[in-house]
Amino acid sequence: AQKVTQAQTEISVVEKEDVTLDCVYETRDTTYYLFWYKQPPSGELVFLIRRNSFDEQNEISGRYSWNFQKSTSSFNFTITASQVVDSAVYFCALSEAAGNQFYFGTGTSLTVIP
Amino acid sequence: NAGVTQTPKFQVLKTGQSMTLQCAQDMNHNSMYWYRQDPGMGLRLIYYSASEGTTDKGEVPNGYNVSRLNKREFSLRLESAAPSQTSVYFCASSELISGVLGGANVLTFGAGSRLTVL
């Protein structure tokens, strides 16, 4: 079974719109970490955020915010007032404390139209 | 501040040829990983090395071998390349968190290696 599901394959928004990228995860561990990575058209993978399973506080960083809800096993990512530079593929990932592996979702390709 | 360095960036092979992707990190991380990225498939783990001297299979290890040469270097070898191995390959490293929470730190990725097998 897939441990991380990103059901949205592609999303297009017009610049300045808000957009939420969904991430649903599956794990039996009580201790785990969740991540978001950004892959711009240049191809590199850029770390955005890491949360541990004991910290359900939402986080805001500029135009980016993350909503972690253990009750629904979700770790959603919202971009407020989107910009063309936000166009990228975004990956959600899970790491379980019991192992050394990272499990990635299939990614959501976001296109921000000027 | 090199981080994770992968070579080569691009490579074209013919079916049956062999090649080695090299990866080196200068962050003194214990764990290193090889992923492949294919359209619609996300990042899939090929092999990883939790520490120097150990390697383990990931989700898609068939057709690949790895060597953890030392703490810095982790190479990926294709012994007999196949068209199905056409992909973008990423090397990454991370440092394990010790203590109550265990788990793993942030993955730091290399720039990727685009491999085409004809």
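Throughout, residues of each chain are indexed from 1 in the direction in which the sequence is written. Each chain is given a letter, starting from A, and each ligand a number, starting from 1, according to the order in which they appear as written. In view of the model being predicted, local features appear only for residues whose pLDDT reaches at least 70, and side-chain atom pairs are presented and counted only at 80 or more, with totals across whole chains, interfaces and linings using the full set of residues. With hydrogens and water excluded, all non-hydrogen atoms of the structure serve as input to the side-chain values.

Participant: So what exactly am I meant to see when it comes to the overall build of chain A here?
Facilitator: Secondary structure elements are defined from DSSP: runs of H or I of at least 4 residues count as helices, runs of E of at least 2 residues count as strands, and each element is numbered from the N terminus. Per the secondary structure count, chain A includes zero helices and 12 strands. In chain A, the succession of α and β elements from N to C terminus is β-β-β-β-β-β-β-β-β-β-β-β. Here chain A has a C-alpha radius of gyration of 14 Å; the compact-globule value for 114 residues is 13 Å, and the two agree. Principal axes of the C-alpha set define a box for chain A whose edges measure 45 × 25 × 20 Å. Here chain A holds 114 residues, and the buried ones make up 46% of them. For every accessible area listed, the method is Shrake-Rupley and the probe measures 1.4 Å; residues are considered covered only by the protein chains on display. As displayed, chain A has an accessible area near 5,400 Å², and 47% of this comes from carbon and sulfur atoms. Distance from the positive charge centre (8 side chains) to the negative charge centre (13 side chains) of chain A: 5 Å. Radius of gyration means the value over C-alpha atoms here, while the globule rule gives 2.2 Å times the residue count to the 0.38 power. Each residue gets one of three labels from its accessible area relative to the maximum for its type: buried under 20%, exposed over 50%, partly exposed in between, using a 1.4 Å probe on protein chains only. Charge assignment: positive for Lys and Arg, negative for Asp and Glu; neither His nor the chain ends contribute. The location of each charge is read from NZ of Lys, CZ of Arg, CG of Asp or CD of Glu.

Participant: Sorry if this is basic, but what is going on with the state of the cysteines here?
Facilitator: In protein chemistry, a disulfide is the covalent bond that joins the sulfur atoms of two cysteines. Pairs of cysteine sulfur atoms within 2.5 Å are identified as disulfides in what follows. Tallying each qualifying case throughout the model produces two disulfides over all chains. Bridging A:Cys23 to A:Cys92, the disulfide has an S-S length of 1.9 Å. Its S-S torsion of about -65 degrees marks the bond between A:Cys23 and A:Cys92 as left-handed, since a negative value means left-handed. Remark: A:Cys92 occurs in strand β10 (residues 88–96) and A:Cys23 occurs in the loop between β3 (19–21) and β4 (24–25); sequence separation between them is 69 residues. Residues A:Cys23 and A:Cys92 agree in their burial class; the two are buried. The side chain of B:Cys23 participates in a disulfide bridge whose partner is B:Cys91; the two sulfur atoms lie 1.8 Å from each other. Taking the torsion about the S-S bond as the criterion, the B:Cys23 to B:Cys91 disulfide, at about -75 degrees, is left-handed. Of this pair, B:Cys23 sits in strand β3 (residues 19–25) while B:Cys91 is found in strand β9 (residues 87–94), placing the two residues 68 residues apart along the sequence. Overall, B:Cys91 belongs to the buried group, its relative accessible area being 0%.

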